[in-house]
Amino acid sequence: MHLSVFPQLWRMELKVRVFYVALWTTFVLLFVRVEFRYHLNDVIDLSAPACACMSCVMDSQEDPWFRERYDGRVPKLMNRANSNISELTYNWWKKLQAFRSGNLGDVVEPLFSLFPDEEHYMDSSPDRCRTCAVVGNSANLLRSHYGAIIDAHNFVFRMNNANTEGYESDVGAKTTHRAMYPESAVDLDNSTHLVLLPFKVLDLQWLISAFTNKNITRTYRKVKATIKANRDKVMIVNPEFIRYVYERWLKKQGKYPSTGFIMLMLALHICDQVNVFGFGAGPNGRWYHYFDHWHHPLANSGVHKGGVEYDAILKLEQHQMIKMFKGW
């Protein structure tokens, strides 16, 4: 045999050995993966439901549209540990403020010396069914007779100064969480959570003042110097969460999200089942509150893009992440 044949035979034998090694490695990796999944199933039921409700928000986590927007890691409610917000968020947040305000770092210690400093609502499990009603202020609630349905939820979120007295049959009487900021503040009973939406550092300073020395009586307009509320039930939405809602869910439409949309997003992140009431225009196509006797129209523009928010809510329902009750 000619000597030049030997290098060719050697190279061919090397290729065959490499092929068999690769084939064997693939087989071993597949076997390990199957065995790992088999033993994991002994501990965790990978087909288990996300919650104990008939339908769960997190059942949609494989939906590409949902995955593109939803991020459960974003801090929702502030505490000492997550109050050091990113520079990106801080710069965006400062632009929302029409005038010079204080520094966030200066208010963290007094804030969480007064109010609960904890991780809220971290108890999700397949055995839990937390039902939440997010009740907007639209006139489409009038003559809806949703009151009993709303009150049957575990959590009932309401916004700003929405009155329930005299409207109980349509909007319910129960309130577990009321979202507000200084300019929309109302007194609460001892069982309701005050959920502050801080659009500026001064809002946090006002919250401290309202429970202590009562010396802040004006922001960009006159505000309540004090408020009746249970300080042990005070919660503060994290500015990181507000920016996340604005960028991920509204795609930077408008200047910042409305109170109602932020609370809907909060519910989507802490509840197992979310039902939405009182969002959108009234039956005549005009945008106004159910408690506004003069029925003046609300602009579907300005700092909030009501149409964009409403389209996002319709999309959430279309993807079966919420159920929307339109009233008419």
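Residues numbered from 1 in each chain as written. Predicted model: local features only at pLDDT ≥ 70, side-chain atom pairs only at ≥ 80, totals over all residues. Heavy atoms only, no water.

As annotated in an unreviewed UniProt entry, the protein chain carries the name CMP-N-acetylneuraminate-beta-galactosamide-alpha-2,3-sialyltransferase 1 and is attributed to Tachysurus vachellii. The Subunit (unreviewed entry) field of the UniProt record for the protein chain holds the comment "Homodimer; disulfide-linked. Homodimer formation occurs in the endoplasmic reticulum." (UniProt positions renumbered as here; feature names shortened; annotations may be inferred.)

**Some words on the UniProt feature "binding site: substrate" (unreviewed entry) in the protein chain**
With numbering aligned to this structure, UniProt lists the feature "binding site: substrate" (unreviewed entry) at Gln 97, Asn 137, Asn 160, Tyr 220, Tyr 256, Gly 260, Gly 280, His 289 and His 304. By secondary structure assignment, the location of Tyr 256 is in the loop between helix H8 (239-249) and helix H9 (259-270). Judged by relative accessible area, Tyr 256 falls into the buried class, the value being 17%. Along the polypeptide, Gly 260 turns up in helix H9. A relative accessible area of 12% places Gly 260 in the buried class. (Helix = DSSP H or I, 4+ residues; strand = E, 2+ residues; numbered from the N terminus. Buried < 20%, exposed > 50% of the residue type's maximum accessible area, 1.4 Å probe, protein only.)

**Considerations on the packing of H9 against helix H10 (residues 306-318)**
Between H9 and H10, the least distance of the axes is 11 Å, while the angle of their chain directions is 25°. When the axis of H9 is compared with that of H10, the two are roughly parallel. Here H9 and H10 pass one another in a crossing that is left-handed. Across the interface between the two elements, Phe 261, Leu 264, Met 265 and Leu 268 from H9 touch Glu 309, Ala 312, Ile 313 and Leu 316 from H10. (Axes fitted to C-alpha atoms, helices over the stretch in contact; angles between N-to-C directions. Parallel < 35°, antiparallel > 145°, perpendicular 65-115°, else oblique. Left-handed = near helix turned anticlockwise from the far one by under 90°. Contact = heavy atoms within 4.5 Å.)

**Section: the packing of helix H3 (residues 87-95) against H8**
For any two helices packed against each other, the geometry comes down to the angle between their axes and how far apart the axes lie. Between H3 and H8, whose axes approach to 10 Å, the crossing angle comes to 80°. One way to sum up the angle between H3 and H8 is to call them roughly perpendicular. Counted together, Leu 88, Thr 89, Trp 92 and Trp 93 of H3 and Pro 239, Glu 240, Ile 242, Arg 243 and Tyr 246 of H8 form the full contact between these two elements.

**Things to note about H8**
Extensive coverage of H8 is indicated by the burial of nine of its eleven residues. Burial in H8 covers these residues: Pro 239, Glu 240, Phe 241, Ile 242, Arg 243, Tyr 244, Val 245, Tyr 246 and Trp 249. The N-cap of H8, judged by a side-chain oxygen 2.9 Å from the amide nitrogen of Glu 240 a few residues on, is Asn 238. Among the residues trailing H8, Lys 251 stands out with phi positive, at a value near 55°. (Polar contact = N/O pair within 3.5 Å; in protein donor to acceptor, adjacent residues only side chain to side chain.)

**What to know about the confidence of the model for the protein chain**
Should pLDDT be low for a region, the predicted coordinates there are not to be read in detail. Confidence in the prediction for the protein chain averages 84 pLDDT; 80% of positions are at 70 or higher. Segment residues 26-46 is flagged for pLDDT under 50; beyond a separation of four residues in sequence, or across chains, it makes three contacts in the model. (pLDDT = per-residue confidence, 0-100.)

**A word on the packing of aromatic side chains**
As enumerated under the stated definition, the model contains 16 aromatic pairs in all. Ring geometry for Tyr 121 against Phe 155: centres 5.4 Å apart, planes inclined by 55°, an arrangement best described as tilted. On the criterion of sequence distance, the pair formed by Tyr 121 in the loop between helix H4 (104-114) and strand S1 (131-135) and Phe 155 in strand S2 (residues 155-159) is long-range, its members being 34 residues apart. Across the pair, exposure class does not vary: Tyr 121 and Phe 155 are buried alike. Ring geometry for Tyr 167 versus Tyr 290: centroids 5.2 Å apart, planes at 70°, classification edge-to-face. Of the two residues, Tyr 167 is situated in the loop between S2 and helix H6 (168-171) and Tyr 290 in the loop between strand S6 (273-277) and H10; the sequence distance between them amounts to 123 residues. Overall, the relative accessible area of 4% leaves Tyr 290 in the buried class. Here the aromatic cluster, defined as three or more aromatic residues joined through ring pairs, consists of Trp 65, Phe 66, Tyr 70 and Trp 249. The lysine or arginine in question, Lys 323, covers the ring of Phe 325, its NZ or CZ lying 5.2 Å from the ring centre. (Phe/Tyr/Trp six-rings, centres within 6.5 Å; stacked < 30°, edge-to-face > 60°. Lys NZ or Arg CZ within 6 Å of the ring centre and 35° of its normal.)

**Side note on the nonpolar core**
Ranked by size, the top nonpolar core spans 78 residues in total, and within it Leu 207 and Trp 249 carry the most contacts. Among residues more than four places away in sequence, those in contact with Leu 207 are Leu 111, Phe 115, Leu 194, Leu 196, Val 234 and Ile 236. The next biggest cluster of nonpolar side chains, apart from the first, holds 13 residues, and it includes Ala 133, Leu 141, Ala 162 and Phe 325. (Core = buried A, V, L, I, M, F, W, Y, C linked by side-chain atoms within 4.5 Å.)

**Looking at H9**
Taking 1.5 Å of rise per residue, the twelve residues of H9 would be expected to cover 16 Å, and the 17 Å separating its terminal C-alpha atoms lies within 8% of that figure. Within H9, twelve of the twelve residues are buried, leaving the element largely enclosed by the surrounding structure. For H9, every residue scored as buried is listed here: Thr 259, Gly 260, Phe 261, Ile 262, Met 263, Leu 264, Met 265, Leu 266, Ala 267, Leu 268, His 269 and Ile 270. (Expected span 1.5 Å × (residues − 1).)

**Some remarks on the state of the cysteines**
In the structure shown here, the tally under the stated rule is three disulfides. Paired by a disulfide, Cys 51 and Cys 56 hold their sulfur atoms 2.0 Å apart. Judged by the torsion about the S-S bond (-95°), the Cys 51/Cys 56 disulfide is left-handed. Here Cys 53 connects covalently by a disulfide to Cys 129, the sulfurs 2.0 Å from one another. Looking down the S-S bond of the Cys 53 and Cys 129 bridge, the torsion is 110°, so its handedness is right-handed. Of the two residues, Cys 53 is situated in the loop between helix H1 (5-43) and helix H2 (64-69) and Cys 129 in the loop between H4 and S1; the sequence distance between them amounts to 76 residues. In the protein chain, the bonded cysteines, numbered by position in the sequence, are linked as 1-3, 2-4, 5-6. (Disulfide = S-S within 2.5 Å.)

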